[in-house]
Amino acid sequence: MSVNADSTEPLWMPRVAVVGAGISGLICARRLQEQGFQVTVFEKSRSSSGRAATRRVDLSLSFDHGAQYFTVRDPLFSQFVEAWVERGIVAVWTGRIVDIDGRTARPKTDQPVRYVGVPGMTAMARHLAASAAVQFETRITRLDRGENDWTLTDSAERTHGPFDHVVMSLPAPQTADLIPGHILEDVVRAVPMTPCWAVLMGFERRIELAWDGAFVQNSPLAWLARNSSKPGRDKSVDCWVLHASPTWSAAHQEDEPQLVQETLQAEFAQLTGSRLPPSIHFAAHRWLFSATPLSLDQQALFDPQSGLVVCGDWLASGRVEGAFRSGVAAADCLIGQIVRDSR
Ligand SMILES: Cc1cc2nc3c(=O)[nH]c(=O)nc-3n(C[C@H](O)[C@H](O)[C@H](O)COP(=O)(O)OP(=O)(O)OC[C@H]3O[C@@H](n4cnc5c(N)ncnc54)[C@H](O)[C@@H]3O)c2cc1C
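Residues numbered from 1 in each chain as written. Predicted model: local features only at pLDDT ≥ 70, side-chain atom pairs only at ≥ 80, totals over all residues. Heavy atoms only, no water.

(A) Expanded view of the overall build of the chain. A count of helices and strands for the chain gives eight helices and 20 strands. Against the 2.2 N^0.38 benchmark of 20 Å for 343 residues, the chain shows a C-alpha radius of gyration of 21 Å, consistent with a compact globule. Across its three principal directions, the C-alpha atoms of the chain cover 70 × 40 × 35 Å. Classification of the 343 residues of the chain by burial places 53% in the buried group. Contacts in the chain between residues far apart in sequence, at least 24 positions, make up 68% of those at least 6 positions apart. Accessible surface computed for the chain: about 15900 Å², of which carbon and sulfur atoms make up 48%. When the 33 positive and 38 negative side-chain charges of the chain are each reduced to one mean point, those points stand 6 Å apart. (Helix = DSSP H or I, 4+ residues; strand = E, 2+ residues; numbered from the N terminus. Rg over C-alpha atoms; globule rule 2.2 N^0.38 Å. Buried < 20%, exposed > 50% of the residue type's maximum accessible area, 1.4 Å probe, protein only. Contact = heavy atoms within 4.5 Å. Areas by Shrake-Rupley, 256 points an atom, 1.4 Å probe, with all protein chains shown as cover. Lys, Arg positive; Asp, Glu negative; His and termini not counted. Charge placed at Lys NZ, Arg CZ, Asp CG, Glu CD.)

If you want it as structure tokens, here you go:
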């Protein structure tokens, strides 16, 4: 349905700035565009996808160092995922997943269907970004509300606008810093987000383990995954991603990446009882705002007075599916307002 479907005259459609080209910002932009809104997305990085990230070192070395996989419960998300599966943008990961406590690995009892982007976790965002007007390498540093509209300023002091609405789709602390004094600032600033250290390892020979992914208890490590076991990845190099636990990551937040990599790699070798084969690639990546321990489930925040909308995974139980749901909710706030104003 289009918001102006019942009107005989074309409606003037608002100009919307979406800050952030992760899953939440991009699905919001797409939904608004489908309704005729004039949408511009601003992204600080060279490419889209945010924390659903893939680092491609070369043709055979790639690592999903943020989101590992996603699950699906929401009916609308399910429709999207089905379409993405048909187009080869995502596929089911049938990797063998275990729980590890101490040195015992037990197959996980609950085994939801786990989806991954193909050939990397960035595939979904890349697909969504292809039909959006995204200005990459544009880090928004200031939002100014005039009498009726917004102007955005970036880190190169370029201004963008005017816009009738702004949708913020960043981790909560980054959003709070950009809306000082706004009525929504306090609620956003109250949301803590935990860091996560990720270690990326490529080996020239396969490590012989009877599983592909592991949830780990009572260890500095929380998650281990054989990235090359996911569909559509090159299998010639054994690529692994390790995630440290939130507690360990917070305690070691300021450590040097090399120290983190060596410490977690040693932990991995000890946990798995493996002698690691010669390495081709090692790196550590710190996510400062990985996830929130809170369960907000508000989906999106909207201040109709100023036209500011806030979304992001942290408003909808986290994770890729939460980002999707929150982005949809953000778009629906603005679509709902247009429908109300046109009555
Ligand atoms: C280590 C890790 C493991 C995870 N594992 C899983 C998992 O297994 N399954 C799962 O479902 N989810 C997982 N997640 C969570 C999942 O990645 C997120 O829920 C989802 O990607 C969040 O999407 P988003 O659009 O809300 O935010 P983001 O992906 O953070 O997008 C925000 C975007 O805004 C951009 N940006 C930031 N500041 C500015 C600025 N000032 N100006 C312009 N652009 C800006 C960023 O570059 C980014 O592209 C994991 C996340 C991490 C970090």
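Having seen it, we continue.
(B) Geometry of the site of the ligand. Taken together, 36 residues sit near the ligand, with Ser24, Glu43, Arg51, Tyr69 and Asp313 positioned nearest. For the ligand, a nitrogen atom lies 2.6 Å from a polar atom in the backbone of Tyr69. Relative to its free-state accessible area of 1000 Å², the ligand is covered by the protein chains to the extent of 93%. Those elements that place two or more of their residues in the shell around the ligand are helix H1 (23-34), helix H4 (172-178), strand E18 (279-291) and helix H8 (319-341). (Near = heavy atom within 4 Å. Polar contact = N/O pair within 3.5 Å; in protein donor to acceptor, adjacent residues only side chain to side chain.)

(C) Summary view of the sheet that holds strand E15 (residues 213-217). The strand order across the open sheet formed by seven strands is E7-E6-E15-E16-E17-E14-E18, and the pairing between neighbours is mixed. The open sheet has two edge strands with one neighbour each: strand E7 (104-107) and E18. Adjacent strand axes in the sheet meet at a mean angle of 20° when their direction is disregarded. One ladder, built from four bridges, connects strand E6 (residues 97-101) with E7; its direction is antiparallel. Residue pairing in the sheet places Asp101 in a bridge with Thr104 of E7. Sheet strands touched by helix H7 (residues 257-272): E6, strand E14 (194-203), E15, strand E16 (221-226), strand E17 (238-244) and E18. Its angle to E14, the strand with the most contacts, is close to 70°. (Pairing = 2+ DSSP bridges. Axes fitted to C-alpha atoms, helices over the stretch in contact; angles between N-to-C directions.)

(D) Representation of H1 within the structure. An ideal rise of 1.5 Å per residue puts 16 Å on 12 residues; H1 measures up with 16 Å between its terminal C-alpha atoms. Taken as a whole, H1 has its buried residues at Ile23, Ser24, Gly25, Leu26, Ile27, Cys28, Ala29 and Leu32. One or two residues past the end of H1 sits Gly36, with phi positive at roughly 95°. (Expected span 1.5 Å × (residues − 1).)

(E) Structural context of the pattern of salt bridges. A complete count under the given rule lists 18 salt bridges for this structure. With a closest N to O distance of 2.8 Å, Arg51 and Asp313 form a salt bridge. Placement of the pair is Arg51 in the loop between strand E2 (38-42) and strand E3 (55-56) and Asp313 in the loop between strand E20 (308-310) and H8, with a sequence separation of 262 residues. By relative accessible area, Asp313 is classed as buried at 9%. (Salt bridge = Lys/Arg side-chain N within 4 Å of Asp/Glu carboxyl O.)

(F) Region of the structure containing the environment of Leu271. Summarising the element assignment, Leu271 is placed in helix H7. Note on Leu271: relative accessible area 11%, which makes it buried. The spatial distance from the C-alpha of Leu271 to the C-alpha of Ile100 is 8.4 Å, given a sequence separation of 171 residues. Among all residues touching Leu271, those that are not within four sequence positions of it are Ile100, Gly102, Arg103, Val216, Ser219, Leu221 and Leu224.

(G) Fine view of the nonpolar core. Judged by nonpolar contacts, the single largest core of 50 residues is most densely connected at Leu32, Phe37, Phe70, Trp84, Val90, Met124 and Val167. Among the elements of the structure, strand E1 (15-19), H1, E2, helix H2 (75-86), strand E8 (115-117), helix H3 (123-130), E16 and H8 are those that each provide at least two residues to this core. The residues touching Phe70, leaving out its near neighbours within four places in the chain, are Phe77, Val81, Val90, Val113, Arg114, Tyr115, Val116, Met121, Met124 and Val320. Ranked by size, the runner-up nonpolar core spans 24 residues in total, among them Val19, Leu143, Trp150 and Leu184. (Core = buried A, V, L, I, M, F, W, Y, C linked by side-chain atoms within 4.5 Å.)

(H) Fine view of the packing of aromatic side chains. What the rule picks out here adds up to 14 aromatic pairs. When the ring of Phe70 is compared with that of Tyr115, the centres are 5.7 Å apart and the planes differ by 20°; the resulting orientation is stacked. Of this pair, Phe70 sits in the loop between strand E4 (62-63) and H2 while Tyr115 sits in strand E8, and the two are 45 residues apart along the sequence. For the residue pair Phe70 and Tyr115, the accessibility class agrees, reading buried in each case. An angle of 70° between the planes, with centres 5.8 Å apart, marks the rings of Phe80 and Trp84 as edge-to-face. One end of the pair is Phe80 and the other is Trp84, both in helix H2 and four residues apart, which spans about a single turn. The pair formed by Phe80 and Trp84 is uniform in burial state, with each residue classed as buried. (Phe/Tyr/Trp six-rings, centres within 6.5 Å; stacked < 30°, edge-to-face > 60°.)

(I) Quick peek at the sheet that holds strand E10 (residues 140-145). An order of E10-E11-E12 is seen for the three strands of this open sheet, with the pairing classed as antiparallel. Both edges of this open sheet fall to E10 and strand E12 (159-163), since each of them pairs with a single strand only. Along the sheet, successive strands turn relative to each other by an average axial angle of 20°, direction set aside. Bridging between E10 and strand E11 (residues 150-154) involves five bridges; their strand directions are antiparallel.

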